[in-house]
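# An overview of the molecular structure
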2 protein chains.
Amino acid sequence: MDVILYGVGEIGKRVADRITKSEGLQIVGAIDIDPSKVGKDLGEILGREPLGVTVESDAQKVLEAYPHAFVFHGTVSSLEKAYPQIRQILETGHSGVSTTEELSYPWVRHPDLAKALDQLAKEKDRTFVGTGVNPGFLMDYFPAVVSAVTANIEKITVRRYVNASLRRKPLQAKIGSGLTPEEFKKRWDARTLGHVGLVESAYLLAHLLGWEIVGLKETCEPVLAEKTIQTDYFTVEPGYVRGMVHRVFAKDKKGREIFLDLCMALDHENPMDEVEVQGDPPIRVRFPEGVHGDYATVNVALAVLKRVPDLPSGLLTMADLPLPIPV
Amino acid sequence: MDVILYGVGEIGKRVADRITKSEGLQIVGAIDIDPSKVGKDLGEILGREPLGVTVESDAQKVLEAYPHAFVFHGTVSSLEKAYPQIRQILETGHSGVSTTEELSYPWVRHPDLAKALDQLAKEKDRTFVGTGVNPGFLMDYFPAVVSAVTANIEKITVRRYVNASLRRKPLQAKIGSGLTPEEFKKRWDARTLGHVGLVESAYLLAHLLGWEIVGLKETCEPVLAEKTIQTDYFTVEPGYVRGMVHRVFAKDKKGREIFLDLCMALDHENPMDEVEVQGDPPIRVRFPEGVHGDYATVNVALAVLKRVPDLPSGLLTMADLPLPIPV
């Protein structure tokens, strides 16, 4: 399977690294507009031996050069911003996957863009899937899978606690590291902080369960440092922000509830992922060591990419797939 | 969705109970050959108010009386024994699900029977799915789902530890409760003891991962009581069997391994379900309280039944489905 990497950021680099270690997948082209990357060999950017793939800024040219390749798209979280890129991918006749968070379930918040991409994909007989680990797996798809062992569900609670000290800089920044509580509040009010995709997870989970959400509330509160915290990228003094608790409460029309509880903080002492289902009988399942988001996003998205050739055409979500095949 | 219950044993009774508590499902017919049940109202057998459904021994008559109903088949573990019943279900034009353990992945051990049923289902444009929780979910489908977050997998270990004291009599019997170690060995050698479906789980998991099993070893050892154990059905003195450790080791052609470790014993002190994946990165996930097999089998099978109208025709396994919809 030939792959074009559309975006050589943190996720794109990990995708490239994973593909070089996997059988049956190879990178044939790479696209990025970052001047520090354009013209360089992809291997060089990874800090390894050359791979014979030069990063290019002209997406159209790369897409046209490899008409039979599949696209791994990972550039931005916003569907509005990713939209012209995905149009281009489909218009040049490619199928692929994207880690754009808002694509994980675009049908509620961006129904017009979703419909337009779905229609274009069908016209071109191509398949494009929004995927990833969060959104796309841990707080939506996985809880839906687990729910099958119980019945008459009243509430699903998903907890994801992440030690952000072990994560990359953009993640440490998006949780508000180093801000004052007041700055945090302002930036949350302007939605320039927080996790993109939590609301999409609630809608995707509801869709997978056959529920219809009629009310949804989203909150984001800072977590403050009690002692000085030092990471590779931030120094946080006591009283300043070391992370966030980002939550979504959703209710379906029969009164059933979804509660997504995402805490990402520097030096989080209890990282883990957990699903609790209040049903008959109640069910609890936990990843005691948690799941590392960056690795898992790449792995899930590549596992989904391997299914793409067998999927129907259109704009798909995890709800439309048979199981992904691990790379 | 109208449902015919084909088999009113322990599972069938739980299915009936669940359906009466669920929206959108109703039982229209019930089949069993047990003289103590035939002619009785299903509600009476459940120890509840009458449901207006009489248990009948003439399967053909019930199947013909409700041509648009879906069938929940739960009679025996052996596909050879279930085969004529499933033929009859398909020949009378019904789709449905079955908890017959050997149907969870019949393609390796019973390829001829599987092919014949698949062909018949396709001729009749009907869908029939082998499902359940073990086999069908906990030791095969669920580990495959979890594996998507990692990559380059070397080994998957699935542990299921069950406190059989909390389970029904047939399960306490099939794990050898009350036998001497010698009797246990004889009965295992004759395969009249042990869990049916562990080998199917290994093949189903391998299939879901895209692996090809080239070697497989199955063992079953007794667990002995150290003190007297008393259940509703058995008294086990010290030195006698209180359960079993049933294991399957499988290797795929690239050297990757599957290890299924099933321990079911009276008074098991640490019941739980766990999946450990040796991959990049390693992943561990656990149901700390375990999953109750009888409830979960019913719930998973009904969740799958709700998908049946949307599925392609043929004899299917969990590998062929989009996610089940919880009841």
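Whatever comes next refers back to the structure up there.
Below is a summary of the structure that appears in this document. Everything numeric in this text was worked out from a predicted model, so none of it was measured. (Residues numbered from 1 in each chain as written. Chains lettered and ligands numbered in written order. Predicted model: local features only at pLDDT ≥ 70, side-chain atom pairs only at ≥ 80, totals over all residues.)

### Quick look at the interface of chain A and chain B
Residue-level contacts link 41 residues of chain A with 40 residues of chain B. Counting residues per element, the ones that place at least two in the side of chain A that touches chain B are α6 (141-147), α9 (198-209), β14 (283-287) and α10 (293-305) of chain A. The class makeup of the residues in the side of chain A that touches chain B is 28 nonpolar, seven polar and six charged. (Contact = placed C-beta atoms within 7 Å. Helix = DSSP H or I, 4+ residues; strand = E, 2+ residues; numbered from the N terminus. Nonpolar A, V, L, I, M, F, W, Y, C, P; charged D, E, K, R; others polar.)

### Some remarks on the sheet that holds strand β2 (residues 26-31) of chain A
Residues and elements named next belong to chain A. As summarised here, the arrangement of the seven strands in space is β3-β2-β1-β4-β5-β6-β15, forming an open sheet in which the pairing is parallel. Strands with a single pairing partner mark the edges of an open sheet, and in this sheet they are β3 (55-56) and β15 (314-316). Both strand β1 (residues 2-6) and β2 contribute to a ladder of five bridges, which runs parallel. Residue Leu5 lies in a different strand from β2, and its bridge partner there is Ala30. Each of β1, β4 (70-73), β5 (96-98) and β6 (127-130) touches helix α4 (residues 79-91); the most contacted strand, β4, lies at about 170° to it. (Pairing = 2+ DSSP bridges. Axes fitted to C-alpha atoms, helices over the stretch in contact; angles between N-to-C directions.)

### Observations regarding the environment of Arg247 of chain B
Residues and elements named next belong to chain B. Tracing the backbone through its elements, the reader meets Arg247 in strand β11 (residues 241-252). Residue class for Arg247 comes out partly exposed when judged on the 16 C-beta atoms lying within 10 Å of it. C-alpha separation for the pair Arg247 and Val199, spaced 48 residues apart in sequence, amounts to 9.0 Å. In this view, Arg247 contacts Thr219, Leu260, Asp261 and Leu262; residues no more than four positions away in its chain are not counted. (Buried ≥ 20, exposed ≤ 12 C-beta atoms within 10 Å, placed from the backbone.)

### Here we look at the nonpolar core
As a rule of thumb, soluble globular proteins bury nonpolar side chains together. Counting residues in hydrophobic clusters, the biggest one holds 207 residues, and the most contacted among them are Leu5 and Ala202 of chain A together with Leu5 and Ala202 of chain B. If sequence neighbours within four positions are ignored, Ala202 of chain A has contacts with Ile213, Leu216, Val248, Ala250, Ile258 and Leu260 of chain A. (Core = buried A, V, L, I, M, F, W, Y, C linked by C-beta atoms within 7 Å.)

### As for the environment of Thr131 of chain B
All names here are of chain B. Relative to the elements of secondary structure, Thr131 occurs in the loop between β6 (127-130) and α6 (141-147). Once the C-alpha coordinates of Thr131 and Ala319 are considered, the two residues, 188 residues apart in sequence, prove to be 10 Å apart. The residues contacting Thr131, other than those within four sequence positions of it, are Val97, Thr99, Ser104, Gly136, Val300, Ala301, Val304 and Met318.

### Focus on the packing of helix α4 (residues 79-91) of chain B against helix α5 (residues 111-123) of chain B
In a packed pair of helices, the relevant descriptors are the angle between the two axes and the axis-to-axis distance. Residue and element names in this part refer to chain B. For the pair α4 and α5, the least separation of the axes is 10 Å and the interaxial angle reads 10°. Judged by the inter-axis angle, α4 sits roughly parallel to α5. Taken together, the residues of α5 that come into contact with α4 (itself represented by Leu79, Glu80, Tyr83, Ile86, Arg87 and Leu90) are Leu113, Leu117, Leu120 and Ala121. Among the residues making up the contact of α4 with α5, the classes are represented as eight nonpolar, no polar and two charged. (Parallel < 35°, antiparallel > 145°, perpendicular 65-115°, else oblique.)

### Thoughts on the relation of the copies chain A and chain B
Once chain A is rotated about the relating axis by 180° and shifted along it by 0.0 Å, it coincides with chain B to within an RMSD of 0.0 Å. Within this description, the copies of the chain are treated as partners about a two-fold rotation axis. Using C-alpha coordinates, one finds that chain A approaches the rotation axis most closely at Pro322 of chain A, a distance of 2.4 Å. A share of 98% of interface residues in chain A that are also interface residues in chain B marks the association as one of identical surfaces. (Least-squares fit on C-alpha atoms with pLDDT ≥ 70 in both.)

### A short note on the sheet that holds strand β4 (residues 70-73) of chain B
Residues and elements named next belong to chain B. One open sheet accounts for seven strands, arranged β3-β2-β1-β4-β5-β6-β15; its pairing is parallel. Edge positions in the sheet fall to β3 (55-56) and β15 (314-316), since each of these pairs with one other strand and no more. Of the strand pairs in this sheet, strand β1 (residues 2-6) and β4 are connected by four bridges, and their pairing is parallel. Bridge assignment links Val3 to a residue of β4, and that residue is Phe70.

### Description of the packing of helix α1 (residues 10-20) of chain A against α10 of chain A
All names here are of chain A. Direction vectors running N to C along α1 and α10 enclose 60°, while the axes themselves pass 9 Å from each other. One way to sum up the angle between α1 and α10 is to call them oblique. In this structure, α1 meets α10 at a crossing whose hand is right-handed. Only Asp294, Tyr295, Thr297, Val298 and Leu302 of α10 make contact with α1, whose side of the interface consists of Glu10, Ile11, Arg14, Val15 and Arg18. Considering only residue class, the contact of α1 with α10 consists of five nonpolar, one polar and four charged. (Left-handed = near helix turned anticlockwise from the far one by under 90°.)

### Quick word on helix α9 (residues 198-209) of chain B
Residue and element names in this part refer to chain B. When the terminal C-alpha atoms of α9 are compared, their 17 Å separation across twelve residues agrees well with the 16 Å that a helix rising 1.5 Å per residue should span. The buried count for α9 comes to eleven of twelve residues, which makes it a mostly enclosed element. All of the buried residues in α9 are Leu198, Val199, Glu200, Ser201, Ala202, Tyr203, Leu204, Leu205, Ala206, Leu208 and Leu209. The elements touched by buried residues of α9 are α6, β7 (155-163), β8 (213-224), β11 and β12 (257-265). In the stretch just after α9, Gly210 is the one whose phi turns positive, near 80°. (Expected span 1.5 Å × (residues − 1).)

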